[in-house]
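Listed below are the residues making up each chain.
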There are 12 protein chains.
Amino acid sequence: MKFLVLHGPNLNLLGTREPGVYGAQTLDDINQSLEKLAAGFGCSLIFFQSNSEGELINAIQGASADCDGILMNPAAYTHTSIAIRDALTAVALPCVEVHLSNIHSRESFRHKSLTAPVAIGQICGFGRDSYLLGLRALFNHVKSA
Amino acid sequence: MKFLVLHGPNLNLLGTREPGVYGAQTLDDINQSLEKLAAGFGCSLIFFQSNSEGELINAIQGASADCDGILMNPAAYTHTSIAIRDALTAVALPCVEVHLSNIHSRESFRHKSLTAPVAIGQICGFGRDSYLLGLRALFNHVKSA
Amino acid sequence: MKFLVLHGPNLNLLGTREPGVYGAQTLDDINQSLEKLAAGFGCSLIFFQSNSEGELINAIQGASADCDGILMNPAAYTHTSIAIRDALTAVALPCVEVHLSNIHSRESFRHKSLTAPVAIGQICGFGRDSYLLGLRALFNHVKSA
Amino acid sequence: MKFLVLHGPNLNLLGTREPGVYGAQTLDDINQSLEKLAAGFGCSLIFFQSNSEGELINAIQGASADCDGILMNPAAYTHTSIAIRDALTAVALPCVEVHLSNIHSRESFRHKSLTAPVAIGQICGFGRDSYLLGLRALFNHVKSA
Amino acid sequence: MKFLVLHGPNLNLLGTREPGVYGAQTLDDINQSLEKLAAGFGCSLIFFQSNSEGELINAIQGASADCDGILMNPAAYTHTSIAIRDALTAVALPCVEVHLSNIHSRESFRHKSLTAPVAIGQICGFGRDSYLLGLRALFNHVKSA
Amino acid sequence: MKFLVLHGPNLNLLGTREPGVYGAQTLDDINQSLEKLAAGFGCSLIFFQSNSEGELINAIQGASADCDGILMNPAAYTHTSIAIRDALTAVALPCVEVHLSNIHSRESFRHKSLTAPVAIGQICGFGRDSYLLGLRALFNHVKSA
Amino acid sequence: MKFLVLHGPNLNLLGTREPGVYGAQTLDDINQSLEKLAAGFGCSLIFFQSNSEGELINAIQGASADCDGILMNPAAYTHTSIAIRDALTAVALPCVEVHLSNIHSRESFRHKSLTAPVAIGQICGFGRDSYLLGLRALFNHVKSA
Amino acid sequence: MKFLVLHGPNLNLLGTREPGVYGAQTLDDINQSLEKLAAGFGCSLIFFQSNSEGELINAIQGASADCDGILMNPAAYTHTSIAIRDALTAVALPCVEVHLSNIHSRESFRHKSLTAPVAIGQICGFGRDSYLLGLRALFNHVKSA
Amino acid sequence: MKFLVLHGPNLNLLGTREPGVYGAQTLDDINQSLEKLAAGFGCSLIFFQSNSEGELINAIQGASADCDGILMNPAAYTHTSIAIRDALTAVALPCVEVHLSNIHSRESFRHKSLTAPVAIGQICGFGRDSYLLGLRALFNHVKSA
Amino acid sequence: MKFLVLHGPNLNLLGTREPGVYGAQTLDDINQSLEKLAAGFGCSLIFFQSNSEGELINAIQGASADCDGILMNPAAYTHTSIAIRDALTAVALPCVEVHLSNIHSRESFRHKSLTAPVAIGQICGFGRDSYLLGLRALFNHVKSA
Amino acid sequence: MKFLVLHGPNLNLLGTREPGVYGAQTLDDINQSLEKLAAGFGCSLIFFQSNSEGELINAIQGASADCDGILMNPAAYTHTSIAIRDALTAVALPCVEVHLSNIHSRESFRHKSLTAPVAIGQICGFGRDSYLLGLRALFNHVKSA
Amino acid sequence: MKFLVLHGPNLNLLGTREPGVYGAQTLDDINQSLEKLAAGFGCSLIFFQSNSEGELINAIQGASADCDGILMNPAAYTHTSIAIRDALTAVALPCVEVHLSNIHSRESFRHKSLTAPVAIGQICGFGRDSYLLGLRALFNHVKSA
């Protein structure tokens, strides 16, 4: 099994960006934790981060060729991108949406997700653990499909 | 470590209630899975299900005496109960909110959670796995607190 | 055939509560009228009134064991209870919603029903007759199903 | 006693129009059932169907001369016609509003009725039975007035 | 100078319809008062009342041939008819909108006029006087144009 | 009979202020026209203009001592002043609201009047004529009261 | 193949009505262009224009007997008529909605179409060409069905 | 004179629950202060606290037998319970609503009270003093009724 | 201790203004009652009433020099004046907001207070008692501060 | 004459993406059909597809150098991109907006187009035909300009 | 060149009012800084501060006699005063709106400005610098007009 | 000191794009004016324009390495980009937002800025001067920090 791990805008700054909100870990820390967990599952992961909505769409489209699912944190685009939602619907891969922070306790424009309705489910609020739990959820879903 | 597992209204019907939406497992199945996982963590669990908002509040208040956290699925009360939210704020125990179904792809009145803003985070859409992932999230949070 | 007749909050006060709005009959008067009509249909009725949302849900769940349908007046909970709606969906019994007063000519928060969309239909505005007409509707529906 | 039975736009197509939603009976079937029930009550009925808002208003106005009440299904005009509402208020005849389908489980623009607030009450969701129950309600109301 | 006086739905019932709201005068009384005032101005009037939106539009279109302006009370269609608004824009005759009652102190759905923005102005709340003042306003406007 | 004529904020600039919208006449021109018309009615008028909400309220309160009615153009305060509305309700004098321009064809924040619901009626869109028609309406109303 | 071409309210005034918005062509010009194009397709057309919502509904219902589709410009009724929408759903003929002007660049109440969701598609903004393109679309759709 | 003092959900936690918001006093402290004040008035008090909406309704209904008024803090149910509002209307006892905190400076969902419109008045923001002032208000009201 | 008692627009009319809503007492009656109560507390009071928003702001600003708190009834300005709110925030004196009537049972535009969020608390619905209770609340607050 | 044909995000997946919604044709199929039609008109076409909002803007800006118009399907960006709207306004080329599916019968967030108001017109719902009709519309518009 | 510098309500308290939000400078400090800058431009300034909406309107009207522009901070009236907006439109002097604080990061009722749409532009968030930059903007605008 | 000057989508077209709205100057003209002013301040500037949201985010992130602040005109992205807002929050550099046109007097979707709340302040409406004033504001802010 192989999964695309997709990181949205500004996640490359993790560790430096508002540590009070997002924690002190870097994106590499998170990716390594994911890799370790995936190894235990016998899965491989591909990582991609971009600040560009278009590149994220390209990556989603590309995943349909050789991936079994997508673990994604669309970050700010969660709330504004119908185009990413359409890409997810188009490739029809199982997808799990994760957020580091609890989006329900932040500004009201972060409460609504355009992408969650086309994902299997959503996990938010647990920092790095959101990703790790998301990978478990995705792995279990694909395994039992 | 000891956690309260709180099940909201109609969850006692699991397995019979709309299996297409909620899956074929009973609440007992879920509780046993949780117990097994908790055992691996060296945690104990207390289970409580009620269809009554007031009894759920009583249970939350009672948990403050001897529990280290709450894993809860407030079901329909997620969207209507300020009183449960207030109870969670009052006891100030770490709490993880879970939902079997993906609430973001259902009726619009299920998109808004009154309780999620006072929880650590929210997990939805993965059936029984929502609970198991939620227990992991809660355990990790309390352990690292 | 057997039906559950469910009366929501404050209906136990009928006859004393705002007679200008709800009429001078007591809940017993209504129940006796229903019983008489049901006898003519060869049906039996079970009556239950509660001011508690949770107990109403329990009664709905209990009806799935031995009832063929529900005649209900959820009163104030009509407009606030997603949990009752979920219980109705879960037991999947045919249900008719009735109201003594014309909810469309009262405060705007009474215009919207959360339960009507999962009922067969709704009857409002005819005082005791709302119940009697509702029983007819329910009986005909079940008979012809 | 004499009642006007008023059928709004597109109801002349009953039996052919979306049978899944409105049933297989024609408007004549419904009218005959009503006539039979009315006969039992010792009442006479006048039937009128029109696709024109103005003609429906004319019929309502005309009823004030020799009718004791109105049984009406304003169909689509339920949700858009202040003019029909004004006609009902003007003639001040008791009126019962009925709908074949459960308007609360359809598109949101069908949830709001402009005419129900000036009727005695509303019955919806029971197909042909909505009319028959409505006639009972109207007859009882006028008899006891 | 010649003006069309247009009366919308239910105004034919004046004198009988809710005298508390609309006064005890009939439409004929109003028309005669208008005729008398018009005579003083050296104007002639054409009167038209209909309950049908389409016929009102036909009348507006017809007025463009031989009228110098329109005095209209669109009644309930004031709040729902884009088609009448379009007709007024199309014929481009000066138009004055009048209402017997003060629409601003009634139900909120009567506060908004779709036709007033394409009229010269609006007069409401003065019973028969609304029409007489409206005729003066229209006459002065056309005279000074 | 004696009436207060009340002019709201910026009306002292008439003739210079946006002549395209408000016409070329000054406030004095309008007052003189009113005076002339009032003379014909055998009425006297008191004029008051202010840019201050408080002074307009004072004037309304003062009118209760010796006036039989109020002809007012509250201008911008029409849309924002609950205090002027309360003053009108408090003195309980018959009041007619007028506007030079057609407020329904301007910015949406001018469509809603806070004062019109407590006036007898409203006249807008006829320039100076709005005032003259308003005086007629007020005179007729008081005369026939 | 035979199609009904339906023209809504005020379209009979084309050529005289706001030529800046709707162009200088008359409805006859448009009908002749359509006829010519239809001839090329080997289709026949029936034309109907009315200012009355009810007559438009009658025409739609009548088309079900002998037409293969409907090309319609509901004009103002596009935005207010649930009854026309219901008629279209009832006859279940393929329908194409056209508008002369670009409704998206006009008043906000013209942005929403009640009829478009039950049509195959919508074409707006191209003057007479909207009709001609609409006929092509309808012909292609029916041919390939 | 005898009054019911009704405490809504989570008020049993006072003193421990968010002392920064609700103060350090326990519910017993408040009840004793009330008792002392009532003694000075020659009144007796009955106290009831519940986390259950249904039990609060039962208590309100029960008060009609032997109480002269209700002093209540419905807490979270203030904002969600039409059923409690209906109970208050049904028993028709004078009622004063109090809140420890200033609900107008908290989350927007706490700004709206469903129960205040059927109470005599509302007092909020003064901690324990809200109750004491409320008792004074209720006593004065009943004494002077 | 010294407090400013601030009365907003139209309160000078008390006793004459809508006695059904506001009671038969004059503002002087209220002021004398307040003075008597204040004397018992050993406090002095300054009274100020104005119909002008600006003068009320001046009075609030002036109070910062020699007052320990403000008891205010901003009347209509409660719902429209951000400027009064800003003045209260600027002087940072403890402030209690009172209303004679129950603003929650009146027009919806009176339900929202712009000033309450910056006051200690709000009391409404008790006529003259609202002021007296408000003075108690203010005195207790300042004493215990 | 030369036109830019602009395809928005995810349209490169046509033929594989949700064939039930968008049809089985690929983007190449559509482009070839367009080319064939354009040849008949004596026009040439440039094709551009991108998933990036910025690249679509670049393409629009580039078209101003050598194109006579734009045929575009902005796909998901239709509903979110003010930047594309601004680009269209800036280059001031005639533009026709097309959509494969009927956006009015899909999710409500697809009903509103930010770009249509600055286009000549919009065509939606006809699959590949939407493009072909759009090219006709654009060609006719430019030819007759 | 001569400009009116207009300060709205509560700005006279600058330096004492919420220094955390508005800074420690007094209004005199700001005026002196402005005077110095104006001197460099060869302009003279007139200063006016008032807490009264009416007086601010009077000042704006007065400026039309001898000023070339207005630099204003309408403070709280920015968000509530249509009357000040109308005054600005009436005098038709170039006007620059400034705010000390960043109104976009404060309460939502401060995000909307009623006066900015009739000003040349708006500057906010820079404390005293907002005024100095505003004077530059005004000077440049008038000089280049 | 060194600042990043960031120009959003379509600003590369300045001088050609709607000169009536944005003026006749090119982006180079503006940049040169800024450079000249910066030189006077002893500052250096880096310029970046892009039509891509992602590239603008990259530029903001890159500025954190060697810039002391950002002067930006996010153009259309001002109203739609949460991602740019997040980037600004992440790098935590002082930022000033400028707009050439007065966004408050344009379409309502341009009134709301997603980025202004995380900037120091906003300047709009002064054409090129908006940038020059913005640079002054930024320079003063950084100098005095």
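Residues numbered from 1 in each chain as written. Chains lettered and ligands numbered in written order. Predicted model: local features only at pLDDT ≥ 70, side-chain atom pairs only at ≥ 80, totals over all residues. Heavy atoms only, no water.

Enquirer: Lay out the overall build of chain A with the relevant residues and their values.
Expert: In terms of helices and strands, chain A carries 5 helices and 5 strands. Its helices and strands in sequence order give chain A the pattern β-α-α-β-α-β-α-β-β-α, from N to C terminus. Taking 145 residues into account, the globule formula puts the C-alpha radius of gyration at 15 Å, and chain A, at 14 Å, falls close to it. C-alpha atoms of chain A, sized along the principal axes, occupy 35 × 30 × 25 Å. The buried share among the 145 residues of chain A stands at 63%. Put simply, 76% of the contacts in chain A that link residues at least 6 apart link residues at least 24 apart. Put simply, chain A shows about 4600 Å² of open surface, and 51% of that area lies on carbon and sulfur atoms. (Helix = DSSP H or I, 4+ residues; strand = E, 2+ residues; numbered from the N terminus. Rg over C-alpha atoms; globule rule 2.2 N^0.38 Å. Buried < 20%, exposed > 50% of the residue type's maximum accessible area, 1.4 Å probe, protein only. Contact = heavy atoms within 4.5 Å. Areas by Shrake-Rupley, 256 points an atom, 1.4 Å probe, with all protein chains shown as cover.)

Enquirer: Describe the packing of aromatic side chains, and please don't skip the residues or the numbers.
Expert: Residue and element names in this part refer to chain C. A complete count under the given rule lists 12 aromatic pairs over all chains for this structure. When the centroid spacing of 4.3 Å and the interplanar angle of 5° are considered together, the rings of Phe41 and Phe139 count as stacked. Taken together, the residues span a long stretch of sequence, with Phe41 in helix α2 (residues 27–41) and Phe139 in helix α5 (residues 128–144) at a distance of 98 residues. (Phe/Tyr/Trp six-rings, centres within 6.5 Å; stacked < 30°, edge-to-face > 60°.)

Enquirer: Got a sec to walk through the relation of the copies chain J and chain G? Specific residues and values, please.
Expert: Rotating chain J by 180° and translating it 0.0 Å along the rotation axis places it on chain G, where the RMSD comes to 0.0 Å. Between the two chains, the operation in question is that of a two-fold axis. Of the C-alpha atoms belonging to chain J, the one lying closest to the rotation axis is found on Ile123 of chain J, 2.2 Å away. A share of 100% of the interface residues of chain J reappears at the interface of chain G, consistent with the copies meeting face to face through the same patch. (Least-squares fit on C-alpha atoms with pLDDT ≥ 70 in both.)

Enquirer: Lay out the interface of chain B and chain A in plain terms, naming residues and giving numbers.
Expert: Contact residues are listed per partner, giving 21 residues for chain B and 21 residues for chain A. Where chain B abuts chain A, roughly 1800 Å² becomes buried across the two surfaces, and 56% of that area is made up of carbon and sulfur atoms. Of all residues in chain B, the largest losses of buried area upon contact with chain A belong to His104, Gln122 and Phe126 of chain B, amounting jointly to 29% of the total for that side. Remark: the boundary between chain B and chain A carries 0 salt bridges. (Buried area = accessible area lost by both parts, 1.4 Å probe. Salt bridge = Lys/Arg side-chain N within 4 Å of Asp/Glu carboxyl O.)

Enquirer: Let's hear about the pairing of strand β5 (residues 121–124) of chain L: which residues, and what values?
Expert: Every second residue of β5 of chain L is oriented toward a common face, with Gly121 and Ile123 of chain L on one face and Gln122 and Cys124 of chain L on the other, all of them buried. Looking at chain direction, strand β5 (residues 121–124) of chain K and β5 of chain L are connected through 3 bridges and run antiparallel. Of the residues in β5 of chain L, the one forming a bridge with Ile123 of chain K is Ile123 of chain L. As defined by bridge partners, strand β4 (residues 95–99) of chain L adjoins β5 of chain L across 4 bridges and the pair is classed as parallel. From the neighbouring strand, Val98 of chain L faces β5 of chain L, where its bridge partner is Ile123 of chain L. (Pairing = 2+ DSSP bridges.)

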